[in-house]
Amino acid sequence: MSDIRLHVSCPHCGATNRVPAARIDDVPVCGRCGEALQDGRPLELTDADFDAVVGATSRPVLVDFWAPWCGPCRMMAPAFEQAGRQLGQRALLVKVNSDDNPRLAGRFGIRSIPTLVKIEHGRETARQSGALPAGAIVALASR
Ligand SMILES: [Zn+2]
């Protein structure tokens, strides 16, 4: 079992919590206020912790490859967050900055952004490039 820990800021009080990647499906609570840390908000992952999280979850994972300079990516960000709230614990939504994480972008062969990649049990099962509305993101994660 990996001992990689994620830094997750609490959506309720803002406190930074260190969550073991291996326990991502256990719905960790905030050490300060006791509220759930994972309310469906997308997790920001990197080359360093992506595999530990994706390998630990039993949920379908939807990865948003994006970059700060990409207009359509920024446009889709609120829709991605909305989809995360709608999906709750049914899926794990993840954001990967493709500029900062070249290893992941290379492994998944990301040529344009935004690109959404769906991973189930460690395998890519769907992919969609271009900005999507929240409903289409939920549908992609659920199908
Ligand atoms: Zn808190």
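Being a predicted model, the structure only gives us computed values, none of them experimental.

Rules of the game
- Residues numbered from 1 in each chain as written.
- Predicted model: local features only at pLDDT ≥ 70, side-chain atom pairs only at ≥ 80, totals over all residues.
- Heavy atoms only, no water.
- Helix = DSSP H or I, 4+ residues; strand = E, 2+ residues; numbered from the N terminus.
- Disulfide = S-S within 2.5 Å.
- Buried < 20%, exposed > 50% of the residue type's maximum accessible area, 1.4 Å probe, protein only.
- Donors = N, O, S within 2.8 Å, 3.2 Å for Na, K, Ca; no water.
- Tetrahedral: all angles 85-135°; square planar, octahedral: opposite > 155°, others 65-115°.
- Pairing = 2+ DSSP bridges.
- Expected span 1.5 Å × (residues − 1).
- Bend = angle between axes of the 7 residues up to and from the residue.
- 1 Å grid on protein atoms, 1.4 Å probe; cavity = no way out; pocket = protein on both sides within 12 Å on 5 of 7 lines; lining within 4 Å.
- Points joined across faces, edges and corners; volume = space filled by probe spheres on them.
- Nonpolar A, V, L, I, M, F, W, Y, C, P; charged D, E, K, R; others polar.

**Some details on unusual backbone geometry**
Consideration 1: Cis peptide bonds are those with omega within 30 degrees of zero, and the linkage from isoleucine 113 to proline 114 qualifies with -5°.
Consideration 2: Relative to the assigned elements, proline 114 resides in the loop between helix H3 (102–107) and strand S6 (115–120).
Consideration 3: Unlike most non-glycine residues, histidine 121 shows phi in positive territory, near 50°.
Consideration 4: Position of histidine 121 among the secondary structure elements: in the loop between S6 and strand S7 (123–129).

**Points about the state of the cysteines**
Every disulfide links exactly two cysteines, by a covalent bond between their sulfur atoms.
Consideration 1: Applying the stated criterion across every chain, the model contains one disulfide.
Consideration 2: Across the disulfide, cysteine 70 is cross-linked to cysteine 73 (sulfur-sulfur distance 2.3 Å). Measuring handedness by torsion sign, the sulfur bridge of cysteine 70 and cysteine 73 sits at about 80° and is right-handed. Exposure class is identical for cysteine 70 and cysteine 73. Each is buried.

**Digging into the coordination of the zinc ion**
Consideration 1: Bound to the zinc ion on the protein side are Cys10 (SG), Cys13 (SG), Cys30 (SG) and Cys33 (SG), at distances that span 2.3 to 2.4 Å.
Consideration 2: If you look at the zinc ion, its four donor atoms make angles of 105 to 115° with each other, and the shape they trace is tetrahedral.
Consideration 3: In primary sequence terms, the donor set of the zinc ion follows C-x2-C-x16-C-x2-C.

**Considerations on the pairing of strand S2 (residues 16–20)**
Every regular strand shows the same layout, with side chains that alternate between the two sheet faces.
Consideration 1: Side chains Asn17 and Val19 project from S2 onto a buried face, and the interleaved Thr16, Arg18 and Pro20 project onto a face without burial.
Consideration 2: Judged from the five bridges that link them, strand S1 (residues 5–9) and S2 form a sheet pairing that is antiparallel. From the neighbouring strand, valine 8 faces S2, where its bridge partner is asparagine 17.

**What to know about helix H2 (residues 71–87)**
Consideration 1: Look at H2: 25 Å from first C-alpha to last across 17 residues, which is about the 24 Å you get at 1.5 Å a residue.
Consideration 2: Where H2 bends most, the angle comes to about 35°, and this point is alanine 77, followed within four residues by the proline proline 78.
Consideration 3: Among all positions of H2, only Cys73, Met76, Ala77, Ala79, Phe80, Ala83, Gly84 and Leu87 are buried.
Consideration 4: At the C-terminal side of H2, glycine 88 shows a positive phi close to 55°.

**Side note on empty space enclosed by the protein**
Consideration 1: Tallied over the full model, the rule gives one cavity of 30 Å³ or more.
Consideration 2: Estimated volume of the largest cavity: approximately 50 Å³.
Consideration 3: If you go around the largest cavity, the residues you meet are Gln38, Asp39, Gly40, Arg41, Arg59, Gly84, Gly88, Gln89, Ala91, Leu92 and Leu93.
Consideration 4: Across the lining of the largest cavity, the residue classes break down as three nonpolar, five polar and three charged.

**Some thoughts on the layout of surface pockets**
Consideration 1: Of the pockets and cavities examined, the largest pocket occupies roughly 240 Å³.
Consideration 2: Those elements giving two or more residues to the lining of the largest pocket turn out to be S1, strand S3 (43–44) and H2.
Consideration 3: Looking at which element gives the most residues to the lining of the largest pocket, the answer is S1, with four residues.
Consideration 4: Its residues assigned to classes, the lining of the largest pocket comprises seven nonpolar, three polar and five charged.

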